[in-house]
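Overview (structure and organization)
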Amino acid sequence: MHMNDPLTRCPQIGIVLTCLAVIAAPVIADDGPTAVGIFVVAGDEQAVQFTDVLKQSENALKTRVYATLEEAINSDTETLVISMGRSRQPFSDEMVAAAKQKKIIGVGYGAAQLFGKLGLEINDGACAHFGAAAPKIQVRKNQLLGGAVELAEITPYSEPAAADNFGMYVPERSDHAFVVDVIARISRDTNYAPIVAQNNYVMIGLSATPTAWSLEYRSLFSDVVAALHKQPKKPFGTAEFPLSPPGEYAIALGNGRSTKHLSSKTYYFKIDKPTVFSATLAHGGSNAMMMLFMGEKDRMHWTREDAKDGETLRIVAKISADDLKRIGDSYWTLKVTNFDRDNPATCVLDVKYGAQP
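Reading the values: the criteria
Residues numbered from 1 in each chain as written. Predicted model: local features only at pLDDT ≥ 70, side-chain atom pairs only at ≥ 80, totals over all residues. Heavy atoms only, no water. Salt bridge = Lys/Arg side-chain N within 4 Å of Asp/Glu carboxyl O. Helix = DSSP H or I, 4+ residues; strand = E, 2+ residues; numbered from the N terminus. Buried < 20%, exposed > 50% of the residue type's maximum accessible area, 1.4 Å probe, protein only. Pairing = 2+ DSSP bridges. Axes fitted to C-alpha atoms, helices over the stretch in contact; angles between N-to-C directions. Parallel < 35°, antiparallel > 145°, perpendicular 65-115°, else oblique. Contact = heavy atoms within 4.5 Å. Nonpolar A, V, L, I, M, F, W, Y, C, P; charged D, E, K, R; others polar.

1. A look at the pattern of salt bridges
- By the definition in use, this model includes eight salt bridges.
- Here Arg140 makes a salt bridge to Glu172, at a shortest N to O gap of 3.2 Å. Of the two residues, Arg140 sits in the loop between β7 (137-139) and β8 (152-154) while Glu172 sits in the loop between β9 (165-169) and β10 (181-186), which places them 32 residues apart along the sequence.
- Of the charged contacts in the structure, one is a salt bridge between Arg257 and Asp189, with a shortest N-O distance of 2.5 Å. Placement of Arg257 in the loop between β14 (247-253) and β15 (264-269) and of Asp189 in the loop between β10 and β11 (192-193) is noted, with a sequence separation of 68 residues between them.
- Through salt bridges that share partners, Lys117, Asp298 and Arg326 make up one connected network.

Right, dumping it as structure tokens:
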């Protein structure tokens, strides 16, 4: 299930990062106006490593290290670099509201979790993990870095490093590809992108400490940070997708993991009154099908059904008035995925809203 690499010296590219810290630490600042605030949950030593990357680049960005995530988010510094691994601590409503007023470069899975709380498409739930091995990446033409960026393949790390590397699942023909600015894709599987941007935010799934970065990747990172810093802050907003009314849908899906044909399709719903939501999937050709339903906020009514022998899949969810109040204006989504790498799939999806529960 889809839950859902770095470069060489490219002076045309720009990146801004901000880091978190869990232990109170002294503030480190350069003389002059601060361009980028940094919070690294691992502490000051790694925060200084991020600072060195930005100071030593051609962009020469002035930085300030913040002792806590709260301090960084609530500071006057508009552009932040946040580096944090998987977090079990909740993000308060106040922190989420403040983060919506910033430009943030998030490094690591904890930053992806924060982006999920903001309601962005670039978030922890849209990613797959690749472990400590950092695959080569391809820099793509993108909006953040502009038309001057050259297509290039980069090896992100110059040495082995402990890291939880991940990438967003965003095939080139998918719905997300039209709302997410893909900066770099993984060379060996271009369906996954470890560096993506949306609105005022950049998510980076290459989470090794900067001391392990190659010169090419250090350059790419600093270029991305500089580009986001230079870019005027946009009004906060999330992606909008066409809604799917109840009814039947014919679906043709490519082989699982295909980079030429979509192997997954997502349908989006807004439900305005309590009901019984049901989805039935009849399919053929594939020996590994999945159907997944949930509310985008807090993964409400998360339900997954799988088939290995052509069996019909069915999901039923009772949507209550309390559910509708909790989810607000967020979407309900239904994803249909073919995981069979050897066979395409043909499907008929039947979506119905029933009587009030």
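2. Considering the pairing of β9
- Extensive coverage of β9 is indicated by the burial of five of its five residues.
- Sheet analysis places strand β6 (residues 127-131) next to β9, joined by four bridges and oriented antiparallel. Note that in β9 the partner of Gly131 across the bridge is Asn165.
- Looking at chain direction, β9 and β11 are connected through two bridges and run antiparallel. For Met168, the partnering residue across the bridge sits in β11 and is Ala193.

3. Side note on the packing of helix α1 (residues 44-55) against helix α5 (residues 215-230)
- Where α1 meets α5, the closest approach of the two axes is 9 Å, and the angle between their N-to-C directions is 85°. Judged on the interaxial angle alone, α5 and α1 are roughly perpendicular. Along its contact with α1, which presents Phe50, Asp52, Val53 and Leu54, the element α5 presents Arg218, Phe221, Ser222 and Val225.
- Each residue belonging to the contact of α1 with α5 can be placed in one class, and the counts come to five nonpolar, one polar and two charged.

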